[in-house]
Amino acid sequence: MDKLIYMDNAATTRVLPEVLEAMKPYFTEDFWNPASAYKTAGETAKKIEEAREVIAKAIGAQGKEIFFTAGGSESDNWAIKGVADALKDKGNHIITTKIEHHAVLHTCEFLEKHGYEVTYLPVDENGLVSPEELEKAIKPTTILVSIMFANNEIGTIEPIKELGKIAHDHGIYFHTDAVQAFGHEKIDVNEMNIDLLSSSAHKLNGPKGIGFLYIRKGVKLSNLIHGGGQENGRRAGTTNSAGVIGYAKATEIALERMEKRSSYEKKLRDKLIDRVLAEIPYTRLNGHREQRLSNNVSFCFRFIEGESLLIMLNQKGICASSGSACTSGSLDPSHVLLAIGLPHEIAHGSVRLTLSEDTTEEDIDYIAESLKQIVDRLRSMSPLYEDFVKKHKEA
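In this text, all values refer to a predicted model and were calculated from it rather than measured experimentally.

### Considerations on the packing of helix α8 (residues 306-315) against helix α11 (residues 361-380)
- Between α8 and α11, whose axes approach to 10 Å, the crossing angle comes to 135°. The pairing of α8 with α11 is recorded here as oblique in orientation. Pair α8 / α11 crosses with right-handed handedness. Together, Ser-308, Leu-309, Met-312 and Leu-313 of α8 and Leu-371, Ile-374, Val-375, Arg-377 and Leu-378 of α11 make up the contact between the two elements.
- Among the residues forming the contact of α8 with α11, the class breakdown is seven nonpolar, one polar and one charged.

### Observations concerning empty space enclosed by the protein
- Inspection of every chain in the model, using the stated rule, returns one cavity of 30 Å³ or more.
- In this model, the largest cavity occupies a volume close to 50 Å³.
- If you trace the largest cavity, you find it lined by Asn-9, Gln-180, His-184, Lys-203, Leu-293 and Asn-295.

### Describing the pattern of salt bridges
- Taken as a whole, this structure holds 25 salt bridges when the rule is applied.
- The partner of Lys-139 in a salt bridge is Glu-117, with the nearest N and O atoms 2.3 Å apart. Here Lys-139, found in the loop between α5 (131-137) and β5 (142-146), pairs with Glu-117, found in strand β4 (residues 117-121); they are 22 residues apart in sequence, far enough to count as distant.
- Overall, Lys-139 belongs to the partly exposed group, its relative accessible area being 33%.
- The partner of Glu-133 in a salt bridge is Lys-136, and the shortest N-O contact between them spans 3.7 Å. On the criterion of helical spacing, the pair formed by Glu-133 and Lys-136 is a turn pair, its members being three residues apart in helix α5.
- Taken together, the salt bridges that share partners define one network made up of Lys-271, Arg-275, Glu-279, Glu-361, Asp-365, Glu-369 and Lys-372.

### What to know about the environment of Ser-322
- One can find Ser-322 in the loop between β11 (318-319) and α9 (335-339).
- On the basis of relative accessible area, Ser-322 is assigned to the partly exposed category, the value being 34%.
- For Ser-322, the residues in contact, after removing those within four places along its chain, are Leu-310, Ser-350, Val-351 and Arg-352.

### A closer look at the sheet that holds β4
- Reading across from one edge, β2-β8-β7-β6-β5-β3-β4 is the order of the seven strands in this open sheet, with mixed pairing throughout. The outermost strands of the open sheet, each flanked by one partner alone, are β2 (66-69) and β4. Recorded for the sheet is a direction-independent mean angle of 20° between the axes of neighbouring strands.
- Pairing geometry for strand β6 (residues 173-177) and strand β7 (residues 196-200), over three bridges, is parallel. Bridged to Asp-177 within β7 is Ser-198.
- Across the sheet, helix α4 (residues 102-112) is in contact with β3 (93-97), β4, β5 and β6; its angle to β4 comes to roughly 150°.

### Topic: unusual backbone geometry
- Phi is positive for Asn-232, which is not a glycine, with a value near 60°.
- Looking at where Asn-232 falls in the secondary structure, it is placed in the loop between β8 (211-215) and α7 (241-279).
- Phi is positive for Phe-303, close to 75°, though the residue is something other than glycine.
- When you line up the elements, Phe-303 lands in the loop between β10 (296-301) and α8.
- The exposure class of Phe-303 is buried, given its relative accessible area of 15%.

### Digging into the pairing of β6
- With five of its five residues buried, β6 lies for the most part within the structure.
- Side chains Tyr-173, His-175 and Asp-177 of β6 all project onto a buried face; the interleaved residues Phe-174 and Thr-176 project onto the opposite face, where all are buried too.
- Considered for its hand, the β-α-β crossover made up of β5, helix α6 (residues 160-169) and β6 is right-handed.

### Some thoughts on the nonpolar core
- Ile-187 and Phe-212 are the most contacted members of the largest nonpolar core, which has 64 residues in total.
- For this core, the element with the highest residue contribution is α7, accounting for eight residues.
- The contacts of Phe-212, once residues within four sequence positions are left out, are Ile-55, Ile-59, Ile-66, Phe-67, Phe-68, Thr-69, Ser-75, Phe-182, Leu-197, Ser-198, Ser-199 and Tyr-247.
- Counting residues in hydrophobic clusters, the runner-up holds 27 residues, among them Leu-272, Ile-273, Val-351 and Leu-371.

### Observations concerning the pairing of β3
- The buried fraction of β3 amounts to five of the five residues, a majority that puts the element mostly inside the structure.
- Burial of the side chains of β3 extends over both faces: His-93, Ile-95 and Thr-97 are buried on one face and Ile-94 and Thr-96 on the other.
- When β3 meets β4, the two strands line up parallel, connected through five bridges. Bridged to Thr-96 within β4 is Tyr-120.
- Since β3 and β4 lie parallel, the crossover through α4 that links them has a hand, and here it is right-handed.

Calculation criteria
- Residues numbered from 1 in each chain as written.
- Predicted model: local features only at pLDDT ≥ 70, side-chain atom pairs only at ≥ 80, totals over all residues.
- Heavy atoms only, no water.
- Axes fitted to C-alpha atoms, helices over the stretch in contact; angles between N-to-C directions.
- Helix = DSSP H or I, 4+ residues; strand = E, 2+ residues; numbered from the N terminus.
- Parallel < 35°, antiparallel > 145°, perpendicular 65-115°, else oblique.
- Left-handed = near helix turned anticlockwise from the far one by under 90°.
- Contact = heavy atoms within 4.5 Å.
- Nonpolar A, V, L, I, M, F, W, Y, C, P; charged D, E, K, R; others polar.
- 1 Å grid on protein atoms, 1.4 Å probe; cavity = no way out; pocket = protein on both sides within 12 Å on 5 of 7 lines; lining within 4 Å.
- Points joined across faces, edges and corners; volume = space filled by probe spheres on them.
- Salt bridge = Lys/Arg side-chain N within 4 Å of Asp/Glu carboxyl O.
- Buried < 20%, exposed > 50% of the residue type's maximum accessible area, 1.4 Å probe, protein only.
- Pairing = 2+ DSSP bridges.
- Right-handed = clockwise from strand over helix to strand, strands pointing away.
- Core = buried A, V, L, I, M, F, W, Y, C linked by side-chain atoms within 4.5 Å.

Here it is, written out as C-alpha cells:
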C-alpha cells in the first residue's frame, strides 16, 4: 500500500499538533490534581476554569453550565438518565428518534425496562424529523425530548431550533446529541432552545476520553457518577486536566477555522457526490443533499455488500466505514438506513466517507475512481446484478 487516505473523520480525528503541545505540560510539569489545596494545584484548577469558559462561549453558554465528562456517550447517558430520575414524579415519557446514536437509543431501551415509556419518532427519506410528528407525540407525562443535532451516519442536520421551541412551548426539557456538530456547525443554545447538549473532543481534533454536557441553569438533573465533589459536585472523578486543556484548544482552533474549513469541505464533498452519482449507476446518496454536515458523504450501492467494498477500499489505502464506528463489528444493516426507508438488501451496500481539511482534490478523484473500479468488480461477481441487467435488456 503506497498511500493512505483517511476518510473516517466521523469516527475520530487526529489530534492537532497545537492541541498536543497545549496538553503536554499537564502530563509532566503541571501534573497536579486540581482538587488539591496547594498553590500549584490551584493554578491548574484556574486553567481548567478558563478552558470551561472557552467551551461555554462556543455555544453561547455560561462556564458554570459546562460539566466535563469522559465523552459523548457518558454525556448522553447522564442527560437522559439524569432527567428521567429527577423528574420521575412528574412523568415517565421520553421522546427521541429512530436514527439516534446508540448511546441515546440503548439508554432509552434501558429506561423502558425500568418503567419509562419512550416514543421513537420516524424520519423522512432524508433523515429529517418532522416538527409536526414531535408535536403529536407529546403527552402530559413527557419530561424530555432528545434529538441529535446532526446524524453521525448520513450527515443530515435536524431543525433543532424549531424542535426545541416545540419542547419549550410544552414546558419540556430539550436535549441534543451534538457530538458530530460541535466545532463543525454554529451552535447557540439560547437561540436554539437547547437545555442539554452532549459533545466529545475527539470529533474536532481534540483528545479521546474527554467530553462535556451542557446543563442549562435551573434544569433538574440527577448525578450519574457519585464519589467526589468534582464538577461542582455534579460529576465525581479526578479531573482530566490534560484532556480539558486540549479540548479548549481544539475548540478555539475549530471556531477560528470553521467558516473556511466548512467551505473547503463542502466543495470537496459535493465534487465526490456529483462524480459518484453521475459515474456509478444504481447509487443512492443517503441523507439530505444540502442540509448536511460539510464533511459527510454516505452512499448505498445496489447489488454489492458494504463489507466487501470496505475491504477493497482499504486495499487501495482508503480508510472508510459503513456507518457508526460503535457498530462496526455488526453484520446487521444500519438502523439509520432502515429508518429512512431503505430495504435490507440496499442498506447492506453502504459506505460512509467523512473528509477533513487535510483531504485534497486529488484524494477525491482517487476515491471516485477507486469506487468505480471496486463497485464494477463486485457487481461483475453478483448473480443479483446479472439477473437485474438481463431483465432490463429483455424489457
